[in-house]
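What follows is the residue order along each chain.
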Amino acid sequence: MADIIIMSSSATKQQIDNVVKKIKGLGFNVNLSKGAEKTIIGIIGDTRGISDEAFKILPGVGEVISILKDYKLASREFHPSDTVIKVKNIEIGSNTLTVIAGPCSVESKRQLLKTAEFVKRCGGKILRGGAFKPRTSPYSFSGLGLEGLMILKEVKEETGMPVITEVLSPEDVDRTIEVADILQIGARNMFNYRLLQKVGQVGRPVLLKRAFSATIGEFLNCAEYILKEGNRNVILCERGIRSFDTAFTRNTLDLSAVAVLKKETHLPVFVDPSHGTGRRDLVLPMSKASIAAGADGLMIEVHPKPEEALSDGFQSLTFDMFAHLMEEIMPLVKVVGKKI
Ligand code: PEP
Ligand code: MN
């Protein structure tokens, strides 16, 4: 099985082209990474039938590698450089720390607009807000639905901020992409394979949240489902996992997952310290820790009046707290060589 062809450092352009031609001739596509030293050619598709030997004999080929992991497109071996996702004029995953912020749920035009304007003024780049809300209790507020999407659209137009919102089912996707710049798949739906395939087929970046009890391998395989359908713009988001101690925190924020993912995959990695801890007083320290661990971005819940929020008020930051957070993280962002 051949997945990656590493050309020798002395390989000529013609030798590289020859390898690419051979791969395409076999009916596969390629992923070309041109490094300063070497060119790496990834073979896209089910490569089980391709023998290493067929490539090892070609001039200019240094090494032929098989990826034995079940996720391939997501792996760092396959795509050594960091994936950068463009959303309007924002570059996610480069040397930038991108802050997504906004209320848990869209509740009214006034609530969302006020929050968006404040978040933008503080340096937040993308507005969040749920229209279709997955709730633990079926009696809890489940979002404004289509009305929520309309509000997101209006606020996006008025502020110029790109928006992210959750899709709960494949049927939500077509109407949501008319508004959303990024589609969010929540923790409860990480394993919803039909939904993963559906968002993989549309040309919109996807932020995939880690399920409560998913291993890192399962998380990467779910990203692979989206990538395999042709959508290469996937952001991973650690949002806390289930553990035994729920006395002080809602979830256990697994920051080691961030460091592992940065090694294992080229996809941008975000952290949601709001759901990760369930406590607004822990959002700032965990945001700092996330940046130190290598996160490419943060997703934070902010509300004009958290005590009146229809969902997740206890973990939502007040405006003052959000402004303070943005100031406090700035020096750290610089220390890790990034900008906001
Ligand atoms: C959310 O971000 O609105 C949300 C529901 O989060 P999670 O899917 O991580 O619980
Ligand atoms: Mn929430």
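Right above here is the structure, for reference.
Scoring rules and cut-offs
Residues numbered from 1 in each chain as written. Chains lettered and ligands numbered in written order. Predicted model: local features only at pLDDT ≥ 70, side-chain atom pairs only at ≥ 80, totals over all residues. Heavy atoms only, no water. Phe/Tyr/Trp six-rings, centres within 6.5 Å; stacked < 30°, edge-to-face > 60°. Helix = DSSP H or I, 4+ residues; strand = E, 2+ residues; numbered from the N terminus. Buried < 20%, exposed > 50% of the residue type's maximum accessible area, 1.4 Å probe, protein only. Lys NZ or Arg CZ within 6 Å of the ring centre and 35° of its normal. Core = buried A, V, L, I, M, F, W, Y, C linked by side-chain atoms within 4.5 Å. Contact = heavy atoms within 4.5 Å. Axes fitted to C-alpha atoms, helices over the stretch in contact; angles between N-to-C directions. Parallel < 35°, antiparallel > 145°, perpendicular 65-115°, else oblique. Left-handed = near helix turned anticlockwise from the far one by under 90°. Nonpolar A, V, L, I, M, F, W, Y, C, P; charged D, E, K, R; others polar.

Draft legend 1. Spotlight on the packing of aromatic side chains. Evaluated as defined, the whole model comprises two aromatic pairs. For the pair phenylalanine 118 and phenylalanine 319, a centre-to-centre distance of 4.5 Å together with 10 degrees between the ring planes defines the contact as stacked. Remark: phenylalanine 319 occurs in helix α11 (residues 319-335) and phenylalanine 118 occurs in helix α3 (residues 109-122); sequence separation between them is 201 residues. Neither residue differs from the other here; phenylalanine 118 and phenylalanine 319 are each classed as buried. The ring of phenylalanine 55 is capped by lysine 22, whose NZ or CZ atom sits 5.8 Å from the centre of that ring. It is arginine 242 that lies over the ring of phenylalanine 212; its NZ or CZ is 4.8 Å from the centre.

Draft legend 2. Geometry of the nonpolar core. Ranked by size, the top nonpolar core spans 75 residues in total, and within it Val199, Leu208, Leu236, Ile300, Phe322 and Ile329 carry the most contacts. Ranked by the residues each element gives to this core, the list is headed by helix α7 (residues 216-228), at seven residues. Each residue touching valine 199, except ones within four places of it in the same chain, is listed here: Val167, Val173, Leu183, Ile185, Val206, Ile226 and Asn231. Of all hydrophobic cores here, the second largest spans 17 residues; its members include Ile41, Ile43, Ile50 and Val64.

Draft legend 3. Inspection of the packing of helix α10 (residues 280-293) against α11 at higher detail. For the pair α10 and α11, the least separation of the axes is 10 Å and the interaxial angle reads 20 degrees. One finds that α10 runs roughly parallel with respect to α11. Once α10 is placed against α11, the crossing between them reads as right-handed. In this structure, α10 uses Arg280, Asp281, Val283, Leu284, Ser287, Lys288 and Ile291 to contact α11, whose residues at the interface are Met321, His324, Leu325, Glu328, Ile329, Leu332 and Val333. A per-class count over the contact of α10 with α11 returns eight nonpolar, two polar and four charged.

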